[in-house]
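# A structural walkthrough
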Amino acid sequence: MAASFAARAGATSLPDDDALQSLAEKPQWAHLLHYRLHPLKGRHLSQNDSPEFFLAADGKEDPAAELKADLNAFLQTNQADDKSAQCQFPARYHWLKQQLPDVAFTDQRCPAFEEWRDELDAHALTLIFPASHINSPSSMYGHTLVRMDRADDSRSKLLAYSVNFAANADPTDNELVFSYKGLSGGYPGVVSVMPYYVKTNEYQHMEYRDVWEYRLNFTEAEVAQFVRHIWETKDTYYDYFFFDENCSYRLLALLDASSERADLAEAFTYKAVPVDTIRALWQNDLVENTEYRPSAASDMEFKSTQVNDDVLAAAQALVDSDEDIESLIAGLNAQDQVRALELSHAYARYLAIKKKQANPVLRKRTLALLSARAKRPATADFTDVPMPAVRDDQGHLTSRAGLWGGQVSASGETQAYSDLSWRIAYHDVLDLPSGFVPGSQIQMGQWDLRVWEDEGVKLQRFKVVDVLSLSHQTYFQRPVAWAVTAGAERFLGAEAELHGYLKVAFGRAYQTALGRWYGLAETQLLADNQFEDGYQLSFGPRVGWLLQHEQVQAQVEANWQPLNTGDDTVRRSLRAEGGYALGQNLQLRLKAERQLFATDAGTAGVSEVSAGMQWYF
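Residues numbered from 1 in each chain as written. Predicted model: local features only at pLDDT ≥ 70, side-chain atom pairs only at ≥ 80, totals over all residues. Heavy atoms only, no water.

### Here we look at the pattern of salt bridges
Applying the stated criterion to the full structure yields 40 salt bridges. For R589, the salt bridge is made with D428, and the minimal N-O distance between the two is 3.0 Å. Placement of the pair is R589 in strand 21 (residues 586–599) and D428 in the loop between strand 11 (413–427) and strand 12 (440–452), with a sequence separation of 161 residues. Each member of the pair, R589 as well as D428, carries the same accessibility label: buried. In this structure, E489 and R461 form a salt bridge, with 3.8 Å as the shortest nitrogen-oxygen distance. With E489 in strand 14 (residues 481–489) and R461 in strand 13 (residues 456–469), this pair connects stretches of sequence that are 28 residues apart. Overall, E489 belongs to the buried group, its relative accessible area being 14%. (Salt bridge = Lys/Arg side-chain N within 4 Å of Asp/Glu carboxyl O. Helix = DSSP H or I, 4+ residues; strand = E, 2+ residues; numbered from the N terminus. Buried < 20%, exposed > 50% of the residue type's maximum accessible area, 1.4 Å probe, protein only.)

### Some details on the environment of G500
With respect to the element layout, G500 can be found in strand 15 (residues 499–512). Looking at G500, the relative accessible area reads 26%, which means it is partly exposed. Taking C-alpha positions, G500 is 5.1 Å from A527, a pair spaced 27 residues apart along the chain. Not counting the four nearest positions on each side in its chain, G500 is found in contact with G487, A488, L525, L526 and A527. (Contact = heavy atoms within 4.5 Å.)

### Thoughts on the sheet that holds strand 5 (residues 161–167)
Read from one edge of the open sheet, seven strands run 8-6-5-4-3-7-9, paired in antiparallel fashion. Across the chains shown, the open sheet's two edge strands, defined by having one partner strand only, are strand 8 (237–240) and strand 9 (287–293). Sheet twist, expressed as the mean angle between neighbouring strand axes with direction ignored, is 30°. Bridge analysis of strand 6 (residues 187–195) against strand 8 gives four bridges, and the strand direction is antiparallel. The partner of G189 across the bridge, within strand 8, is Y238. In this fold helix 11 (residues 247–256) packs onto strand 3 (124–130), strand 4 (145–149), strand 5, strand 6, strand 7 (211–216) and strand 8, with an angle of close to 130° to the strand it touches most, strand 5. (Pairing = 2+ DSSP bridges. Axes fitted to C-alpha atoms, helices over the stretch in contact; angles between N-to-C directions.)

### Brief notes about a negative patch on the surface
Together, E453, D454, E455 and E495 make up a region of like negative charge exposed at the surface. Relative to the elements of secondary structure, E495 occurs in the loop between strand 14 and strand 15. (Patch = residues over 30% accessible without salt bridge, like charges linked within 9 Å, V, L, I, M, F, W, Y side chains within 5 Å. Areas by Shrake-Rupley, 256 points an atom, 1.4 Å probe, with all protein chains shown as cover. Lys, Arg positive; Asp, Glu negative; His and termini not counted. Charge placed at Lys NZ, Arg CZ, Asp CG, Glu CD.)

What follows is the structure, encoded as structure tokens:
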């Protein structure tokens, strides 16, 4: 092997097999080829699933074989422009040249790569975090991408290029199919490069999501290596998994391949929540500064808090009505006229995006509003949306463990129990609220084990997924509150049997000075042989009140399922629960619940009170 290297390179000093093996074991080579220790197979495999990503036949699973094949290819000379291995894998080539300074490599011409690199003109990297969007399965936890900034900060960042990793999903798949395939690795994940304004339009306007920017302190040499590595990965694919090998994890792996200082992806074996990956950047001292960019919806809502009811009514009428613009604002003073026009334009943009289709009437009205605004010299003097006091990555950590103690009372008898709870991710409405979307809840993978005083250990509850969106009504927005949860659980009581469940609810939520109030119509499907026909399908109201303060959290919720089939039992429940923050990642919880079961034989009731400590990690 060494003789063939020397013949190609004309070098006098080439590494022997032991030296090549040592080189292949370096962490940076693993990063460049995306080798990771497989948690089940117990050996290193590349997470890249494209055969074209490897030059050795067994390169996906043998780092040393791939290094030798790459080195052999990099030593070839007199290659056609853009056809050499050096042009295909410039990041690997650059790294090997640094590691083997005594080898006389001959650079081959790569005009296609050089033109692409020069077009990007990348001098700095910024991680972009469009915040969580609970109404989209692909974006419930948020999303991350990397913007490649140019040297001239005065140039618009919208014209810079961005790097994104996402599932290459079938556009005909509905959200349920998308969720299933995303969880099971049913989609290929691809690295794409596109102008940043394309992604800005998608996230800030189309989905109305606030954006956080994290400028990384990568050197220009590290940025250059990042660009080289993107070139060699952008036409390949990786299996996409929603929980672990997702957008945020893959970006960390791309950064690892670009800097000897970075070993970020190693910490994320089973899950990679976007905010956790951002924390990893901070923990490794790779963040230089941050910037907040509110979405158009946030801007519209904040402006609406700065005007009186007359201006709000005029702004809405300017869009919803086809009456003459001047007559609709004639009763307002000069500044309020300007405010109404600017607010109406924001409202029109919101409606255009909400309907997700071109509307010639709305477009014509929007142009008329802009024309009317241009004729007025007065200023609106709106205050900009303030930066949130707590960033998303500064909230509580995303896994949770809990230790509870309580007792259940039924028919005059009381039994004590202890609970051990563990949740993989992410947040419920009674968790510490700072850094999370108010009124939102996303929980996945929660196990509650209950140790009874006399009945031993039982699985009390297993939540596969538990999503709740209590987005409240505003003057301009009328979101639907909704919930979906699935898993297995027991009713209260030591003798209760485990049953599977699927619950779906829709309704409205309203925010007041006293908290968030909501009413939902909920359908429940329960399955187990404890029900008369092996199942119960029921329907009824679910109403509640929610308080989310930094120190104190509280919720009261009532549920009644009077309409049913498959089992005649009518179920009612009332639950009150509170939390008290003892630290950023520590909370005290108190809970009381009463369940009633009405049949032809009468009504039976079970009560439970409990207290617990919850740690976030």
